[in-house]
Amino acid sequence: MAQHQENCFCGQVDRYNGITVDSKTEPCDVALFPERLEASLNQWAKDKRRTIWFRVDLNQSYWIPELTKRGFQFHHAKQEQATLYRWLPEVEMCNVPPYAHTNLGVGAVVLNEETKEILVVRERHSIASTHWKLPGGYVEPGEDMTTAVEREVLEETGVIAKFKCMLAFRHAHRYAFGCSDIYTISCLIPQTFDIVKCDREISECKWMKLDEFISHPHVHDNNRLLASKVMEYLEHGMGITVTQAIHPINKKPISVYSVADTKDS
């Protein structure tokens, strides 16, 4: 904990010599907040602190105007909380990284290797609702990509499928919410074959021959390209597989993706 001075916020010291104040653990009345904030900033400047962070819960949202008056900027927000920051050193350039600026999506080539068929869908709410595409969607917070792609296939089609390897990904900019966008394409092996589509999102779903999908007039060129990578994969068997490991510093689980021969897996 930071050294507490009278009439100052305590906050939590981070490894970059910054301070984080959370309004849930240090609530402050609206009438007292301006004076307490000013006293805290003066003390943190004397202590040569660097980035000052305020996590402001919805219940203390009245803090925000006072924070912005004193040079705080928005860094990111969640449904119940906004995080603002101020860089204190006047002789150093601010090196606070931007918040997550890239959305991560997953697409699935659910491949029946015996029949060379893949699972395809038509989306109900799409500007290209007549086009066939691969099932998929966005990765949820805290969710592994392998789990996400299996979940999306099950939710959209009712088919249980198991991740085998990643085949490709695309990278684009200025998409949803103005963010960059990475969309991964993985090969999955079906464990079931009966289709029970999600009527809310999917208008049609079926198994289609891979070569038919590649030549179909109602398949976008981008999806043709991705499907052609499946044809290449069937020839050489090389894909990006995942190995579970532990981070050496924070000891948290990590997923390591690397190229491997999947023919025997």
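What you see is a predicted model; the values in this text were computed from it and never measured.

Rules of the game
Residues numbered from 1 in each chain as written. Predicted model: local features only at pLDDT ≥ 70, side-chain atom pairs only at ≥ 80, totals over all residues. Heavy atoms only, no water. 1 Å grid on protein atoms, 1.4 Å probe; cavity = no way out; pocket = protein on both sides within 12 Å on 5 of 7 lines; lining within 4 Å. Points joined across faces, edges and corners; volume = space filled by probe spheres on them. Helix = DSSP H or I, 4+ residues; strand = E, 2+ residues; numbered from the N terminus. Nonpolar A, V, L, I, M, F, W, Y, C, P; charged D, E, K, R; others polar. Pairing = 2+ DSSP bridges. Contact = heavy atoms within 4.5 Å. Axes fitted to C-alpha atoms, helices over the stretch in contact; angles between N-to-C directions. Phe/Tyr/Trp six-rings, centres within 6.5 Å; stacked < 30°, edge-to-face > 60°. Buried < 20%, exposed > 50% of the residue type's maximum accessible area, 1.4 Å probe, protein only. Lys NZ or Arg CZ within 6 Å of the ring centre and 35° of its normal. Core = buried A, V, L, I, M, F, W, Y, C linked by side-chain atoms within 4.5 Å. Domains from an automatic or database assignment. Salt bridge = Lys/Arg side-chain N within 4 Å of Asp/Glu carboxyl O.

A. Structural context of the layout of surface pockets. Of the volumes computed, that of the largest pocket is approximately 1400 Å³. Taken together, 44 residues line the largest pocket, and the ones lying closest to its centre are Gly137, Tyr138, Arg170, Asp181 and Tyr183. Of all elements in the fold, only β6 (102-112), β7 (117-123), β8 (136-138), α3 (145-157), β9 (161-172), β10 (180-190) and α5 (221-236) reach the threshold of two or more residues within the lining of the largest pocket. Of the residues assigned to the lining of the largest pocket, the class counts are 18 nonpolar, 13 polar and 13 charged. There is about 420 Å³ of room inside the second largest pocket. Around the second largest pocket, the lining comprises 17 residues; the ones closest to its centre are Asp14, Tyr16, Trp53, Val96 and Pro97. At the level of secondary structure, the elements contributing two or more residues to the lining of the second largest pocket comprise β3 (51-57), β4 (73-77) and β5 (81-87). Per-element accounting of the lining of the second largest pocket gives the leading share, three residues, to β3.

B. Main features of the sheet that holds β5. The mixed open sheet is built from five strands, whose spatial order is β1-β2-β3-β5-β4. Either end of the sheet is taken by a strand with one partner, and the two such strands are β1 (12-13) and β4. As defined by bridge partners, β3 adjoins β5 across seven bridges and the pair is classed as antiparallel. Within β5, the residue paired with isoleucine 52 across the bridge is arginine 86. The strands that helix α1 (residues 33-46) touches are β2 (19-22), β3 and β5; relative to β3, the one it contacts most, it runs at about 155°.

C. Expanded view of the packing of aromatic side chains. A complete count under the given rule lists ten aromatic pairs for this structure. Both rings, one in phenylalanine 33 and one in phenylalanine 54, keep their centres 6.3 Å apart while their planes meet at 90°; by these two values the pair is edge-to-face. Residue phenylalanine 33 is located in helix α1, and its partner phenylalanine 54 is located in strand β3; the two are separated by 21 residues in the primary sequence. We classify phenylalanine 33 as buried; its relative accessible area is 0%. Where phenylalanine 54 meets tryptophan 63, the ring centres are 5.9 Å apart and the plane angle is 75°; that geometry is what we call edge-to-face. A relative accessible area of 0% means that phenylalanine 54 is categorised as buried. An aromatic cluster is built from Phe9, Phe33, Trp44, Phe54, Trp63 and Phe72, whose rings are joined through pairwise contacts. Over the ring of phenylalanine 9 we find arginine 36; its NZ or CZ atom is 4.2 Å from the centre of that ring.

D. Looking closely at the nonpolar core. Judged by nonpolar contacts, the single largest core of 20 residues is most densely connected at Val109, Ile118 and Phe213. Elements represented by at least two residues in this core include exactly β6, β7, β9, β10, α4 (210-215) and α5. Of the residues forming this core, the biggest block, four residues, is contributed by α5. If near-sequence neighbours (up to four positions away) are discounted, isoleucine 118 is found in contact with Val109, Val110, Leu111, Leu134, Lys206, Trp207, Met208, Leu210 and Phe213.

E. Just the domain arrangement of the protein, in detail. Along its sequence, the protein is carved into domain 1 (12-87) and domain 2 (102-236). The centre of domain 1, based on its C-alpha atoms, is set 43 Å off from the matching centre of domain 2.

F. The pattern of salt bridges, seen in detail. All told, the structure shown has 18 salt bridges when counted by the stated rule. Of the charged contacts in the structure, one is a salt bridge between glutamate 155 and arginine 151, with a shortest N-O distance of 3.1 Å. Highlighted residues: glutamate 155 and arginine 151, both in helix α3, separated by four residues, approximately one helical turn. Two residues, aspartate 221 and arginine 224, come together in a salt bridge whose shortest N-O distance is 3.2 Å. Remark: arginine 224 and aspartate 221 occur in helix α5; sequence separation between them is three residues, near one turn of the helix.

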